[in-house]
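Results of the structural survey
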Amino acid sequence: MSQEFEPEATRRDAGDAESSRANRCWWDRNADEYQQDHGAFLGDDRFVWGPEGLDEAEAGLLGPAGSLKGLDILEIGAGAAQCSRWLAAQGARPVAMDLSHRQLQHALRIGGGVPLVEADAGTLPFRDGSFDLACSAYGAVPFVADPVRVFREVRRVLRPGGRWVFSVTHPIRWAFPDEPGPEGLSVAASYFDRTPYVEQDEDGRAVYVEHHRTLGDRVRDVVAGGFRLVDLVEPEWPAWNSQEWGGWSPLRGNLIPGTAIFVCERD
């Protein structure tokens, strides 16, 4: 009996088309497990910025909750649209967009009436100036080869003065093994190595791709995309959060940052 092939983890170049295809397929294959494992933590209608559990209701990075009423908001990489449901509950008019068809099927399963769009973040299917705000909690940005292209698309669909807030794995984490225990506390790679992390099949085809940018790279990408950086938030690990999520854990979270949230505005 043949065994199922385990993807090989490597570091190599991967362009836009390969990254998009690989990650669409990966999220379609793994959406069920992801929602089963993390759905309770994310909730059906919470806006959580990352594994630390920073909640938009508390953080107000998009603006005070009361100011969101009546605003058109685009969520990119929405998954099952949990964040968009919270935005709708504040009176906003969110649109939840994701690359993965299966993730959006979970959004339909949960319900809530939020408009859903299946599309690639590098080519947003919306008219210029369609939205007041845009947001992404670990969606799209870590998985694209050309983030500036995405940022310019976001800028295009935002109205003047619009805010764009996105969270990604904190760049410093790329220097450490992706382990929640003590083995994840020793530097194992160069922080300055931008070579993408790729999982590939037995024929060398990418089945998952994640792209590393340094903190400085991210800031320069934001500016090149036509935005002004308003704030950079590095959430601290809260005492109430005892969960492990991949390489995120209370042990690591109390020592090194795990998430970076970029708060940007379109001038």
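A brief report on the enclosed structure follows. (Residues numbered from 1 in each chain as written. Predicted model: local features only at pLDDT ≥ 70, side-chain atom pairs only at ≥ 80, totals over all residues. Heavy atoms only, no water.)

Re the overall build of the protein chain
A tally of regular secondary structure across the protein chain gives 7 helices and 10 strands. At 18 Å, the protein chain has a C-alpha radius of gyration in line with the 18 Å of a compact globule built from 267 residues. When the accessible area of the protein chain is evaluated, it comes to approximately 12,200 Å², of which 50% is carbon and sulfur surface. Computed over 27 positive and 42 negative side-chain charges, the separation of the two mean positions in the protein chain equals 7 Å. (Helix = DSSP H or I, 4+ residues; strand = E, 2+ residues; numbered from the N terminus. Rg over C-alpha atoms; globule rule 2.2 N^0.38 Å. Areas by Shrake-Rupley, 256 points an atom, 1.4 Å probe, with all protein chains shown as cover. Lys, Arg positive; Asp, Glu negative; His and termini not counted. Charge placed at Lys NZ, Arg CZ, Asp CG, Glu CD.)

Quick word on the sheet that holds strand 1 (residues 8–11)
Where strands meet in a sheet, backbone hydrogen bonds hold them as pairs that are either parallel or antiparallel. Reading across from one edge, 1-7-8 is the order of the 3 strands in this open sheet, with antiparallel pairing throughout. Only two strands of the sheet have a single partner each, and these edge strands are strand 1 and strand 8 (206–210). Each strand of the sheet is rotated relative to its neighbour by a mean of 20°, with strand direction disregarded. With 4 bridges connecting them, strand 7 (residues 197–200) and strand 8 associate as antiparallel partners. Counterpart to V198 in the pairing with strand 8 is V209. (Pairing = 2+ DSSP bridges. Axes fitted to C-alpha atoms, helices over the stretch in contact; angles between N-to-C directions.)

Section: the nonpolar core
In this structure, L74, I76, V154, W164 and F166 are the most contacted members of the largest nonpolar core, which totals 26 residues. Contributions of two or more residues to this core are made by strand 2 (72–76), strand 3 (93–98), strand 5 (131–137), helix 5 (147–157), strand 6 (158–169) and strand 10 (259–266). If near-sequence neighbours (up to four positions away) are discounted, V154 is found in contact with I76, L124, A134, W164 and F227. Among the nonpolar cores identified, the runner-up in size contains 18 residues, and W49, L54, L62 and V263 belong to it. (Core = buried A, V, L, I, M, F, W, Y, C linked by side-chain atoms within 4.5 Å. Buried < 20%, exposed > 50% of the residue type's maximum accessible area, 1.4 Å probe, protein only. Contact = heavy atoms within 4.5 Å.)

As for the sheet that holds strand 6
If you walk across this open sheet you meet the 7 strands as 4-3-2-5-6-10-9, and the pairing is mixed. The outermost strands of the open sheet, each flanked by one partner alone, are strand 4 (116–118) and strand 9 (227–233). Across the sheet, the mean angle separating the axes of adjacent strands is 20° when strand polarity is ignored. Taken together, the 3 bridges between strand 2 and strand 5 define a ladder with parallel strand orientation. Pairing of I73 across the sheet is with L133, part of strand 5. Lying over the sheet, helix 5 contacts strand 2, strand 5, strand 6, strand 9 and strand 10, oriented at roughly 145° with respect to strand 6.

Some remarks on the packing of helix 5 against helix 6 (residues 215–224)
Look at helix 5 against helix 6: their axes get within 8 Å of each other, and the N-to-C directions meet at 40°. The angle between helix 5 and helix 6 falls in the class oblique. In the packing of helix 5 onto helix 6, the handedness of the crossing is right-handed. Every residue of helix 6 that contacts helix 5 at P147, V148, F151 and R152 is listed here: R218, D221, V222 and A224. For the contact of helix 5 with helix 6, the residue count by class is 5 nonpolar, no polar and 3 charged. (Parallel < 35°, antiparallel > 145°, perpendicular 65-115°, else oblique. Left-handed = near helix turned anticlockwise from the far one by under 90°. Nonpolar A, V, L, I, M, F, W, Y, C, P; charged D, E, K, R; others polar.)

Comments concerning the pairing of strand 5
Taken across its 7 residues, strand 5 has 6 buried, putting it largely inside the fold. Taken together, the 6 bridges between strand 5 and strand 6 define a ladder with parallel strand orientation. Bridging from a neighbouring strand, C135 pairs with V165 of strand 6.

Concerning the packing of aromatic side chains
On inspection of all chains with the given rule, the structure shows 17 aromatic pairs. Relative to W27, the ring of W26 has its centre 4.8 Å away and its plane inclined at 80°; by these criteria the two rings are edge-to-face. A relative accessible area of 16% means that W27 is categorised as buried. Look at F126 and F131: their rings are 5.1 Å apart centre to centre, the planes differ by 85°, and that puts the pair in the edge-to-face class. For F131, a relative accessible area of 4% translates into the label buried. Pairwise contacts between aromatic rings join W26, W27, Y34, F41, F143, Y197, Y208 and W245 into one cluster. Positioned above the aromatic ring of F41 is the side chain of R46, whose terminal nitrogen or guanidinium carbon lies 6.0 Å from the ring centre. (Phe/Tyr/Trp six-rings, centres within 6.5 Å; stacked < 30°, edge-to-face > 60°. Lys NZ or Arg CZ within 6 Å of the ring centre and 35° of its normal.)

A short note on helix 4 (residues 101–110)
Along helix 4, the residues that are buried comprise Q103, L104, H106 and A107. Buried residues in helix 4, looked at end-on, bunch into an arc of 150°, giving them a common side. Exposed and oriented more than 90 degrees from the buried face of helix 4 are L108 and R109. In this structure, the buried residues of helix 4 make contact with helix 1 (16–42), helix 3 (82–89), strand 3 and strand 4. For helix 4, the side-chain oxygen to backbone nitrogen distance between the N-cap and R102 is 3.4 Å, and the N-cap itself is S100. Immediately beyond the C-terminal end of helix 4, within one or two residues, lies G111, with a positive phi of roughly 85°. (Arc of directions from axis to C-beta. Polar contact = N/O pair within 3.5 Å; in protein donor to acceptor, adjacent residues only side chain to side chain.)

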